[in-house]
Amino acid sequence: MENTFPKIMSAFQIITRKKSTEASTLAKQGLQELKIIIQNAEALGVNFNVVIAPGLLFNVRQYSGMMCQFVCELKKKRRRGGMDVLAAGGRYDGMIASYRNVKEEAIMLNKELQQSAVGISISLDKLIQAVQEGGDFSEATTSNLDAVVCSLGNKIAPRERFLVLTDLWAAGIRCCLIEASSLEEIQEQCTELSVSHIIILKETEKGTVRIRSWDRDRFQEKVVKIPDLVENMQRVIKLWNEGCAEHVIPLSNIKNDSRISSGDSHEAIVSILFVTMEKLSANTRKRYENQIKSQLDSLFKRLSGEVIVLALSVDSSVIRSLTSYLDFESERVFQNSLKVVIERHQRHKKYLMEICDEMYELKLKHTNAILILYSISDYFYKMFL
């Protein structure tokens, strides 16, 4: 039995009308979840047919709740009928819970935390075939995002965010929705995605959004009314693109020595310094330098003045702690913040003291420099302004 949602609801009335039975309760819960999923899909502008298939069962032990398939009719199958599955997935709450149980028993996780997840597996070969059949595949291009949309607070309905997204998409602005619990986490995700503009909805600011844009070496922010968002974003992106064209930094301008020259130039003058546990050979240093240049090139183009990259042999968790807790306001404040970092990463105590001493010296000598901490093991980085 496969049909539209209204017809499936009608067919299930024989079960849902019964009172106080387990089957009735589960059927009502499942239908309500499907209704919300379809409403959210429509709010995001999805106009494909949504077919409800109660008999769709695959890997039932892997999923908990909704399961789905994304299908289309490819030419090779039209002759004999049938649809090709381009992607399949579902909700993974049960799988996450089983993994959490192992770590909770080892007292590695907070038992009160509840987690949910939805995901899909994509058949890339079938997806490419579908695109090729739909038109000239050679003209298909990929492009970076212009902006991201996110919300701060728990009271903003998904529909509000979806309406903002669809308005931006309709205007040709490339954007996506991200989930984050703090402004720092939002900015971190934007750095990883190389996105310069953030659109933030706040539960305390009804009818308006905040546009937060990276300009040279800092974020600029303004509040606009939601009806005026598209026009403002088009203007912001146009001005930003024009600014990038004027201040593009060729890779040859990026310096790799330990000296930083200062001046009135708008170009970022970058130094890459290695503070590693083991001494690196010249070839290894060169390889890491090229890796850093390649990964951070788009970021360097948005910065100006002195930029110092500290290449470290620690993982991303240590980088996060250093940027979150270190404070260079004074010698006493610095020493207290250093103790906090060391307490969180005891096994790196000696190495962390070496890193922090280097950072302190750099902050004293180059007060206006932008400091970037880079993990050569995780390819992860964070800015320390």
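Below: a short report on this structure. Only a predicted model underlies this, so the values are computations on that prediction, with no experimental measurement involved. (Residues numbered from 1 in each chain as written. Predicted model: local features only at pLDDT ≥ 70, side-chain atom pairs only at ≥ 80, totals over all residues. Heavy atoms only, no water.)

### Description of the overall build of the protein
The condition that has to hold: Starting at the N terminus, helices and strands are each numbered in turn, a helix being any DSSP run of H or I of at least four residues and a strand any DSSP run of E of at least two. Exposure categories follow from relative accessible area, calculated using a 1.4 Å probe and restricted to protein chains: below 20% of the type maximum is buried, above 50% is exposed, and the middle band is partly exposed. Any two residues having at least one pair of non-hydrogen atoms within 4.5 Å are treated as being in contact.
Of regular secondary structure, the protein possesses 13 helices and 12 strands. Among the 385 residues that make up the protein, the fraction classed as buried is 36%. Considering only residue pairs separated by 6 or more positions, the protein has 61% of its internal contacts joining residues 24 or more positions apart.

### Section: the sheet that holds strand E1 (residues 67-72)
Threshold: In this scheme, strands are said to pair when DSSP sees at least two bridges between them. For helices, the fitted axis covers only the stretch in contact; all axes are lines through C-alpha atoms, and the angles between them, taken along N-to-C directions, range from 0 to 180 degrees.
If you trace the 3 strands from one edge of the open sheet to the other, you get E1-E2-E3, paired in antiparallel fashion. For this open sheet the edge positions go to E1 and strand E3 (118-122), each flanked by a neighbour on one side alone. Shown here is a sheet whose adjacent strand axes are inclined to one another by a mean of 20°, direction ignored. By the bridge criterion, 6 bridges tie E1 to strand E2 (residues 84-91) in an arrangement that is antiparallel. Within the sheet, the bridge partner assigned to Cys72 lies in E2 and is Asp84.

### A few points about the sheet that holds strand E11 (residues 370-375)
Here 4 strands make up an open sheet; going across it, the order is E9-E10-E11-E12 and the pairing mixed. Bordering the open sheet on either side are strand E9 (268-275) and strand E12 (380-384), each of which pairs with just one other strand. Shown here is a sheet whose adjacent strand axes are inclined to one another by a mean of 20°, direction ignored. Pairing between E11 and E12: 5 bridges, direction antiparallel.

### Quick look at helix H13 (residues 349-365)
The cut-off we apply is this: What a helix is expected to span follows from its residue count: subtract one and scale by 1.5 Å.
Between its first and last C-alpha atoms H13 spans 24 Å; for 17 residues at 1.5 Å apiece the expected length is 24 Å, and the two agree. Residues Tyr351, Leu352, Ile355, Cys356, Met359, Tyr360, Leu362 and Lys363 constitute the buried set of H13. Tucked into the core, H13 has its buried residues touching E9, strand E10 (305-312), helix H11 (316-325), helix H12 (331-344), E11 and E12.

### Comments concerning unusual backbone geometry
Residue Tyr379 is not a glycine yet carries a positive backbone phi of 55°. Assessed through its relative accessible area of 47%, Tyr379 is described here as partly exposed.

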